[in-house]
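Examination of the molecular architecture
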Amino acid sequence: MNLKNRNLISISDYSKEEYMHILKLAAEFERQPVQNIAEGKVVATLFFEPSTRTRLSFESAACRMGAKVIGFSDASNSSTAKGESLADTIRTVSCYADIIVMRHPLEGAARVASEVATVPVINAGDGANQHPTQCMLDLYSILTTQGTLDNLDIALVGDLKYGRTVHSLVEAMCNFNTTFHLISPESLKLPSIVKMHIKKHNLKYYQYSEIPEAINKVDILYVTRVQRERFLDIQDYEKVKNSYVLDRSMLTNVKSNMKILHPLPRVNEIATNVDSTEQAYYFQQAQNGVYVRQALIAAILGLK
Ligand code: CP
């Protein structure tokens, strides 16, 4: 499988076979994380929005393969602050790096960047749209904990409207005969355009307003934060910000294989008393991000 020079902007840019190939490579990196195969390569991480996991795991991935990292984590320290366009920034950084990893608050910004870049672009999150590399590490985490991606019941909890990780994951899991359990406040339901993927694949989905209605039926409980930064009116955020708090007392009758995922950061939607339960998998999930991002960098640079 050859993914050299491929952009990754939306999860649907890659076929099921292509992201299964990335998961296979990620498993190799999990077994042997330090592989000096990218010496002399430069990875640019351009973060126009805050990040802990995505930026640092990409940078960790690059370092573990011997690549060097350039970039910024605060666009106010870049020439964007002087009025430079995104297109000009990307054209310029293309001269300095072999691959660009970019997060931007505007939906579609990563696609625009890929159209002007002369090196491959990886979308590290564009507004409320897509987060394809998070999706791949979510798939890796589901596969690792369940032993399969096929025929699972997955609950998606919280901000299904603005949660870009949810949008990417639903699209990908439509390839695996998933049954979806969608738990959200009325105002944060999964957008119709994402539901269309489920309908197109003739898959089942159920909608709920409370976690206990679905928690005992599912293999994966994928919890998300209410995305404060996407609300135009802060009053609307205040109304829904505490809609869900998963507490360990809610885990008494769950399936024996059930695992809790969360893309993180969490605010208060998972109580810290859940962290020590056998169901909690969200910190291992974050660690899986390094292996998956090593796999992506290696494949896109043509090193694997
Ligand atoms: N999951 C995720 O995207 O986390 P960060 O915002 O910390 O990168």
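See above for the structure.
All chains use their own residue numbering, which begins from 1 and follows the written sequence. With the structure being a predicted model, the display of local features is reserved for residues of pLDDT at least 70 and the display and counting of side-chain atom pairs for 80 or more, all residues being used for whole-chain, interface and lining totals. With hydrogens and water excluded, all non-hydrogen atoms of the structure serve as input to the side-chain values.

**Here we look at the pairing of strand S3 (residues 99-104)**
For clarity, the cut-off: Here's how the labels work: a residue is buried when its accessible area is under 20% of the maximum for its type, exposed when over 50%, partly exposed in between, all with a 1.4 Å probe on protein chains only. Every helix listed is a DSSP run of H or I at least four residues long, and every strand listed is a run of E at least two residues long, numbered separately from the N terminus. One bridge is not enough; two strands pair if DSSP finds at least two bridges between them. Handedness of a crossover: with both strands directed away from the viewer, a clockwise path from the first strand across the helix to the second marks it as right-handed.
Taking burial as the measure, the six residues of S3 include six buried ones, the bulk of the element. Note: S3 against strand S4 (residues 121-126), four bridges, orientation parallel. Paired with His104 across the two strands is Asp126, which belongs to S4. Read as a crossover between parallel neighbours, the route from S3 over helix H4 (residues 109-116) to S4 is right-handed.

**Some words on the nonpolar core**
Here is the rule we go by: Nonpolar cores are built from buried Ala, Val, Leu, Ile, Met, Phe, Trp, Tyr and Cys residues. Side-chain atoms within 4.5 Å join them into one set. By definition, residues are in contact when any of their heavy atoms lie within 4.5 Å.
Of all hydrophobic cores here, the largest spans 60 residues; its most connected members are Met136, Leu139, Ile142, Leu156, Val170, Met173 and Phe180. Per-element accounting of this core gives the leading share, nine residues, to helix H9 (residues 282-300). In this structure, Leu156 is in contact with Val166, Leu169, Val170, Phe180, His181, Leu182, Ile183 and Tyr222, ignoring residues within four places of it in sequence. Counting 21 residues, the second-largest nonpolar core is a separate cluster that includes Val157, Tyr208, Leu221 and Val223.

**A word on unusual backbone geometry**
Across the junction of Leu264 and Pro265, the peptide omega takes the value 5°, indicating a cis bond. Looking at the secondary structure, you find Pro265 in the loop between strand S9 (259-261) and H9. If you check the backbone angles, Asn151 has positive phi at about 60° while not being a glycine. Among the structural elements, Asn151 can be located in the loop between helix H5 (132-146) and strand S5 (153-157).

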